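Structural overview
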Amino acid sequence: MLKGKKVLIGISGSIAAYKSILLTRLLVKAGAEVKVVMTPAGADFVSPLTLSTLSGNPVQTDLFHENTWSNHVMLGRWADIMVIAPLTVNTLAKMAAGACDNLLLATYLSATCKVMVAPAMDEDMWHHPATQKNLDILTSYGNIVVPVGHGELASGLYGQGRMAEPEDLFSLIQQHLNNAGSAANDLKGKKALVTAGPTHEALDPVRYIGNYSTGKMGVSIADELARRGADVTLVLGPSSVRTSDSRVKTIPVVSGEEMFTACKNEFSRADIIVMAAAVADYAPVNRQSEKIKKSEEEFTISLKKNPDILKWMGENKTENQVLTGFALETTNERDYAQKKLKQKNADIIVLNSLNDKGAGFGTDTNKITIFTRNGKEMEYGLKDKSAVAKDIVDAIITFAND
């Protein structure tokens, strides 16, 4: 599958470094040539001998050992892709600043190939503003930032910051290498509008009504559309998930009203519209200017309907625009999805069910069924969301060409 492809793995000092062993094995088994470079701290977590044995190549760890100083240039030019996994918060900060005090950083700065990074850190570190700013910097340089997982962390906490699993990383690497240099411009010249993430409807300065959406599915779709050559605008609700493609223009919003306004501003220019955001159905009638105090035994909040963005677009779209919506259901899934397709005047509805294990909010995978206005129904198995995004974009292209 990857015969003749050259993959350079960079390992920094995290307990998640053990995952690099399986990743190396998967890549070698697929026919790739693999070389490994490590920070000194990375070598404390996983044995260079183990990785050297698996990859069939010497593992480089020392910037100033023998001829290593010249090797960083060679390594950076040798690879078809460089994958830094795990990426610690320390190495992230150094990469964002352009620091060069070890072999991994020197190789990164010398790399002429695409660089993919898989962060691994504790939840509080992941959410720190400095970390998020540094991730933005890496993305602006054109690096691919792999979303972190949500699960058990080395600290014993349970939350965001878990490094992507080796199988998912392998899938992303394979996808990139197989598409690099290929005909990935089937949407060149097209403009796409994508929404992703939740919306937060403020009750007062500290509370809001929202949902559990993370934005992973919508962001993956935006990345896939950009990879296919489209000019993509992503309207993103409050989320820590970010696009891995520097070509995607992101408009951050918070509330449903803000998302509606942003979408209306971009709507007429879009050939492809994918409404993947989980917009809150209702918002408080009145937002309190001060924090609501806990005084009454019962407390009533008056709510009003948020704008139905998908319906508005269905009413205003032209015959040259392809409109895709999502339906997340818990009962009578198929019937509700088909009803939504008709009521919203959409061209495509993507159904996912909370009854399917591994699908829905907060997961790295999804299981979907696609319904189209011309009567097609396509059911897919459980896949990584990047692979699901490819299926959805394929369906959009197929519908547009029918």
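Residues numbered from 1 in each chain as written. Predicted model: local features only at pLDDT ≥ 70, side-chain atom pairs only at ≥ 80, totals over all residues. Heavy atoms only, no water.

Moving on: the packing of aromatic side chains. A complete count under the given rule lists 2 aromatic pairs for this structure. For the ring pair F260 and W312, a centre distance of 5.8 Å and an interplane angle of 80 degrees mean the geometry is edge-to-face. With F260 in helix α11 (residues 256-267) and W312 in helix α12 (residues 309-316), this residue pair connects regions lying 52 residues apart in the sequence. For F260, a relative accessible area of 12% gives the class buried. What makes W312 partly exposed here is its relative accessible area of 23%. A ring pair is formed by F267 and W312, whose centres lie 5.1 Å apart and whose planes are at 65 degrees; its orientation type is edge-to-face. (Phe/Tyr/Trp six-rings, centres within 6.5 Å; stacked < 30°, edge-to-face > 60°. Helix = DSSP H or I, 4+ residues; strand = E, 2+ residues; numbered from the N terminus. Buried < 20%, exposed > 50% of the residue type's maximum accessible area, 1.4 Å probe, protein only.)

Any two side chains of opposite charge can pair, so long as their charged atoms come close to each other. The final tally for this structure, using the stated rule, is 19 salt bridges. Across the pair D204 and R207 runs a salt bridge, and its minimum N-O distance is 2.6 Å. What makes D204 buried here is its relative accessible area of 2%. Exposure remark for R207: the relative accessible area of 33% places this residue in the partly exposed category. Among the salt bridges present, the one from D394 reaches R228, with a minimum N-O distance of 2.5 Å. Note that D394 is positioned in helix α14 (residues 385-401) and R228 in the loop between α10 (216-227) and β11 (231-236), a separation of 166 residues in sequence. Among the residues examined, D394 registers a relative accessible area of 26% and is labelled partly exposed. (Salt bridge = Lys/Arg side-chain N within 4 Å of Asp/Glu carboxyl O.)

One open sheet accounts for 8 strands, arranged β12-β11-β8-β13-β16-β17-β19-β20; its pairing is mixed. Every interior strand has two partners, whereas the edge strands, β12 (249-252) and β20 (377-379), have only one. Taken over all neighbouring pairs, the strand axes of this sheet differ in orientation by 15 degrees on average, direction set aside. Here strand β13 (residues 272-275) pairs with strand β16 (residues 322-329) via 4 bridges, running parallel. Counterpart to I272 in the pairing with β16 is V322. Set on the sheet, α10 makes contact with β8 (191-196), β11, β13 and β16; between it and β8 the angle comes to about 165 degrees. In this fold α11 packs onto β8, β11, β12 and β13, with an angle of close to 175 degrees to the strand it touches most, β8. (Pairing = 2+ DSSP bridges. Axes fitted to C-alpha atoms, helices over the stretch in contact; angles between N-to-C directions. Contact = heavy atoms within 4.5 Å.)

That bond from A85 to P86 is cis: its omega, 10 degrees, falls within 30 degrees of zero. Structurally, P86 can be placed in strand β3 (residues 81-87). Even without being a glycine, N332 presents a positive backbone phi close to 45 degrees. Relative to the elements of secondary structure, N332 occurs in the loop between β16 and α13 (333-343).

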